[in-house]
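Below are the chains, spelled out letter by letter.
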Amino acid sequence: MVVRCTKKMLDLLGGRAVIFSELPPTDDDWYLNLVWIERQKCLLLTHTGTLFSVFRAGVHVADLRPLGTYLVEAIQTELRAEGLPADTFSELEPDSVRLAKTASRSILGFMTEMAFELGWIITDRGGLRLSDIDALNHALRRMLWNRGDYVRPIELVHQRLNARGLTA
């Protein structure tokens, strides 16, 4: 599992001490960004090929050790919440996580917009403390994004599963 981290995320993980993999970008990569909402560290993790995203609030650096375990558990939790098979995405093994630098401005743009939308929804609901994180994740995967055509991440996941002969 390749996780492409933003500079903010890399700084949180240890900056220059982080070892990168020099791997070419693929549609199976994940992007990880640190987002600050109400002075709390939040993570936004997005799958490149489908824009399937996972949002976590109130994250502490200690939670991220080991990073692979944290990320895989977060993805698997959200797959279960959507009723999707555990093997929806390839290489979801905590020990297989390799960090890399970001490679797509397009994905970073989608993530910036997602963070903006999350911030707006959270403010509208009265703040992070009053927000249902499960409902935010559910809504995030049903927002329309323009990838040439307007699509919802959950629809892209189902298309991916259908192409592999799997159904959710």
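Below, the structure is looked at part by part. None of these values were measured; they are calculated from a predicted model.

### Some remarks on helix α5 (residues 153-163)
When we look at burial in α5, the residues that qualify are Pro 153, Ile 154, Leu 156, Val 157 and Leu 161. One face of α5 carries all of its buried residues, which in axial projection span an arc of 160°. Facing away from the buried side of α5 by more than 90 degrees, the exposed set consists of Asn 162 and Ala 163. Buried positions along α5 lie against α4 (133-140), β6 (145-146) and β7 (150-151). Of the residues one or two after α5, Gly 165 is the one with positive phi, at around 80°.

### Topic: the sheet that holds strand β2 (residues 30-37)
Through backbone hydrogen bonds, the strands of a sheet pair up, either in parallel or in antiparallel fashion. Spatially, β4-β3-β2-β1-β5 is the arrangement adopted by the five strands of the open sheet, whose pairing is mixed. In this open sheet, the two strands that pair with only one neighbour each are β4 (53-56) and β5 (98-101). Ignoring which end each strand starts from, the neighbouring axes of this sheet average 30° apart. In this sheet, strand β3 (residues 40-47) lies alongside β2 in antiparallel orientation, the contact comprising eight bridges. By the bridge assignment, Trp 30 is partnered in β3 with His 47. Across the sheet, helix α2 (residues 67-81) lies against β1 (2-5), β2, β3, β4 and β5, angled at about 115° from β4, the strand it touches most. Sheet strands in contact with helix α3 (residues 105-124) are β2, β3 and β4, and its direction is about 35° off that of β2.

### Let's talk about the nonpolar core
Ranked by internal contacts, the top residues of the largest apolar core, which has 31 residues, are Met 1, Val 3, Met 9, Leu 32, Leu 64 and Ile 75. Elements supplying a minimum of two residues to this core: β1, α1 (7-13), β2, β3, α2 and α5. Among the elements that line this core, the one with the most residues is α2, at seven residues. Listed in part, the 20 residues of the second largest apolar core include Phe 110, Ile 122, Leu 128 and Leu 140.

### Some points on the packing of aromatic side chains
This model, assessed by the stated rule, comprises three aromatic pairs. Considering the side-chain rings of Trp 30 and Phe 89, the 5.0 Å spacing of their centres and the 80° angle between planes classify their relative orientation as edge-to-face. Of this pair, Trp 30 sits in strand β2 while Phe 89 is found in the loop between α2 and β5, placing the two residues 59 residues apart along the sequence. Take Trp 30 and Phe 89: they sit in the same class, and that class is buried. Plain terms: the ring middles of Phe 52 and Phe 89 are 5.4 Å apart, the flat faces sit at 55° to each other, and that makes the pair tilted.

Procedures and definitions
- Residues take numbers from 1 onward in each chain, read along the sequence in its written order.
- Local features in this predicted model are restricted to residues of pLDDT 70 or higher, and side-chain atom pairs are both shown and tallied only at a pLDDT of 80 or more, whereas totals for entire chains, interfaces and linings draw on every residue.
- Note that water and hydrogens are dropped before the side-chain values are worked out from all heavy atoms of the structure.
- Relative accessibility thresholds used throughout: buried, under 20% of the residue-type maximum; exposed, over 50%; partly exposed, between the two (1.4 Å probe, protein chains only).
- Helix numbers and strand numbers start at the N terminus; a helix is a DSSP run of H or I with at least 4 residues, a strand a run of E with at least 2.
- This arc corresponds to the set of directions leading from the helix axis out to the C-beta atoms.
- Two residues qualify as a contact provided that any one of their heavy atoms is within 4.5 Å of a heavy atom in the partner residue.
- Paired strands, in this sense, are two strands between which DSSP finds at least two bridges.
- Axis geometry follows a simple rule: fit a line to the C-alpha atoms, using only the stretch in contact for helices, then measure angles between N-to-C directions, giving values from 0 to 180 degrees.
- Residue types Ala, Val, Leu, Ile, Met, Phe, Trp, Tyr and Cys, when buried and joined through side-chain atoms within 4.5 Å, form a set referred to as a nonpolar core.
- We call Phe, Tyr and Trp rings a pair once their centres come within 6.5 Å, taking the six-membered ring for Trp, and we label the pair stacked below 30 degrees between planes, edge-to-face above 60, and tilted otherwise.

Take it as geometry only, folks, not as evidence of what the structure does.
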